[in-house]
Amino acid sequence: MSNQIDQLTTNQAGHLEIGGCDTLDLAKEYGTPLVVYDVKSIRDQIHHFQKVFEDNDVDYAVSYASKAFACIAMFQLINQEHGHIDVVSGGELYTAIQAGFPMDHVSFHGNNKSREELEMAVDHQIGVIMLDNFHEIDLLKQVLEERNSHINVMLRVTPGVSAHTHEYDQTGQVDSKFGFDLKSGQARQALDQVLADPRMTMLGIHAHIGSQIFEVKGFEMAATTLVDTLGDWHEEIGYTAKVVNVGGGFGIRYTQADDPIAPEMFVDAIVKAIKKRTHELGLPMPAVWIEPGRSIAGPAGYNLYTVGSRKDVPGIRSYVTVDGGMGDNIRPALYQAKYEAVLAKNPKAPIKETVRVAGKYCESGDILIQKQDLPATQPGDVLAMLATGAYGYAMASNYNRNPRPAVVFVENGHSQVAIKRESFEDLVHLDEPFNLSD
Ligand SMILES: Cc1ncc(COP(=O)(O)O)c(C=O)c1O
Ligand SMILES: N[C@@H](CCCC[NH3+])C(=O)O
């Protein structure tokens, strides 16, 4: 696979173009820091996933993990492409409601959903609640009884697979805060509780082994373990699942050092593993659901920054500082995540030096890129950081009381604001004056 920089599009002026829009024009029109999403890239990736299922002749749902990046426009785009979504909070669910997203295409995850969140999910009759623990089963029982209502559920389990990824991105190992443990019999106990409640319809089983995973093997093992578990449940109590949900976690390319397979190839391997095992066990083939977040939103996103100050530390290195940083992308500081950036006015210009790209936040760890090869840069130049679309804006903060950037969607040469830039007024919007007397 050629590197990302080779795949970038430039226009006649030599400027980086995204979705047919000149990035320098975008920076001028909307200001920087700016998050830009290439809408076609999002559509294409959803289609690639859908095609794998259709080629394998399997019922499916491509459920976008909205924690990677959520806003009203994003949910409307996902819906246009017949995607489902998974939400993990009342806030994400509220955003989906405001977007007019079909509630029966929503799954609700989380290891500590509040009573209010469960009430909201039941009142809006969302597609399925992913049950994570016994406390939640009790809470949901109460909510359903009070409302004389009913809801679909699935059980999230930990299949005992440790994915090779950052420790904070592992979720499928036995020692995890998420889901019911399989080995100790917790999951089976949860199944009994759910099946005993006529207000819950048990759709199937879920596991998510982690995020930014490059190896297919862990997914195949987890998928096979899920089917084995269903085989046990079928044998023990005659339970047949309609759905196996294998979560997300398909790794993407951030830098030239990354060489993942195409995200849909993970899904092809998973579907084949599930088909094989169900066949061996004589079980009916369930629908297969996936929850990709990063692989849909990540490659589609670009952060545009304007270069400001520079510091040359003789004999050591040069710092080139931009007008954003850890407030709009915490991932380098939090996970030592690596990115690449290019000079928007000429991404293919000859490299002149290797610099450290620093953010403007009052924190030494606010480094966006430790080592970046760049042409000569001047204050006012625009840098485009690549593949920033997942867990970038979604994890943004107002640290140092910096407003969060605007988010713009681009397609076919058109652009639109998806999330407005925060203003200073927005920053004090929730503040109250001091009024305690001394
Ligand atoms: C339950 C669940 N599903 C899906 C995802 C999405 O993962 P990714 O963005 O790596 O595809 C996550 C996040 O790791 C998750 O916790
Ligand atoms: N926020 C993480 C991914 C977490 C996935 C949620 N379980 C990241 O940026 O890599």
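What you see is a predicted model, and the numbers here were worked out from it, not measured in a lab. (Residues numbered from 1 in each chain as written. Chains lettered and ligands numbered in written order. Predicted model: local features only at pLDDT ≥ 70, side-chain atom pairs only at ≥ 80, totals over all residues.)

Observations regarding the sheet that holds strand 2 (residues 16-18)
- The sheet built from 3 strands is open, its strands ordered 1-2-3 with antiparallel pairing. The strands lining the two open edges of the sheet, one partner per strand, are strand 1 (9-10) and strand 3 (21-22).
- Note that strand 2 and strand 3 share 2 bridges and pair antiparallel. When the bridges of strand 3 are listed, I18 appears paired with C21. (Pairing = 2+ DSSP bridges. Helix = DSSP H or I, 4+ residues; strand = E, 2+ residues; numbered from the N terminus.)

Here's the deal with the nonpolar core
- One finds V36, V153, L155, L304, L383, A384 and V408 to be the most contacted residues of the largest nonpolar core, which totals 126 residues.
- Looking at this core element by element, the count peaks at 7 residues for helix 9 (residues 216-237).
- Composition of this core by domain shows at least three residues from each of domain 1 (4-31 + 300-428) and domain 2 (39-296). (Core = buried A, V, L, I, M, F, W, Y, C linked by C-beta atoms within 7 Å. Buried ≥ 20, exposed ≤ 12 C-beta atoms within 10 Å, placed from the backbone. Domains from an automatic or database assignment.)

Regarding the UniProt feature "modified residue: N6-(pyridoxal phosphate)lysine" (unreviewed entry) in the chain
- Residues given the UniProt feature "modified residue: N6-(pyridoxal phosphate)lysine" (unreviewed entry) here are K67.
- Examined against the element boundaries, K67 turns out to sit in the loop between strand 5 (60-65) and helix 4 (72-80).
- What makes K67 buried here is the crowd of 24 C-beta atoms within 10 Å.
- Setting aside its immediate chain neighbours within four residues, K67 contacts V88, G293 and A394. (UniProt positions renumbered as here; feature names shortened; annotations may be inferred. Contact = placed C-beta atoms within 7 Å.)

Examining the domain arrangement of the chain
- Considered domain by domain, the chain is made up of domain 1 (4-31 + 300-428) and domain 2 (39-296).
- Here the C-alpha centre of domain 2 lies 33 Å away from the C-alpha centre of domain 1.
- Opposite the 20 residues of domain 1 that make contact, domain 2 presents 20 residues.
- Elements with a minimum of two residues in the side of domain 1 that touches domain 2: strand 20 (406-411) and strand 21 (414-419).
- Take the side of domain 1 that touches domain 2: its biggest share by element is 4 residues, from strand 20.
- Per-class residue counts for the side of domain 1 that touches domain 2 are 14 nonpolar, 3 polar and 3 charged. (Nonpolar A, V, L, I, M, F, W, Y, C, P; charged D, E, K, R; others polar.)

Notes on the packing of helix 3 (residues 39-55) against helix 10 (residues 263-281)
- In contact at an axis separation of 9 Å, helix 3 and helix 10 are set at 20° when each is read in the N-to-C sense. With respect to their mutual orientation, helix 3 and helix 10 come out roughly parallel. Relative to helix 10, helix 3 is oriented so that their crossing is right-handed. Side by side, helix 3 and helix 10 meet where Q45, H48, F49, V52 and F53 of the first sit next to P263, E264, V267, D268 and V271 of the second.
- Tallied by class, residues from the contact of helix 3 with helix 10 come to 6 nonpolar, 2 polar and 2 charged. (Axes fitted to C-alpha atoms, helices over the stretch in contact; angles between N-to-C directions. Parallel < 35°, antiparallel > 145°, perpendicular 65-115°, else oblique. Left-handed = near helix turned anticlockwise from the far one by under 90°.)

Some details on the UniProt feature "active site" (unreviewed entry) in the chain
- Within this structure's numbering, the places UniProt gives as "active site" (unreviewed entry) are C362.
- Residue placement: C362 occurs in the loop between strand 17 (353-358) and strand 18 (367-374).
- A tally of 9 C-beta atoms within 10 Å means that C362 is categorised as exposed.

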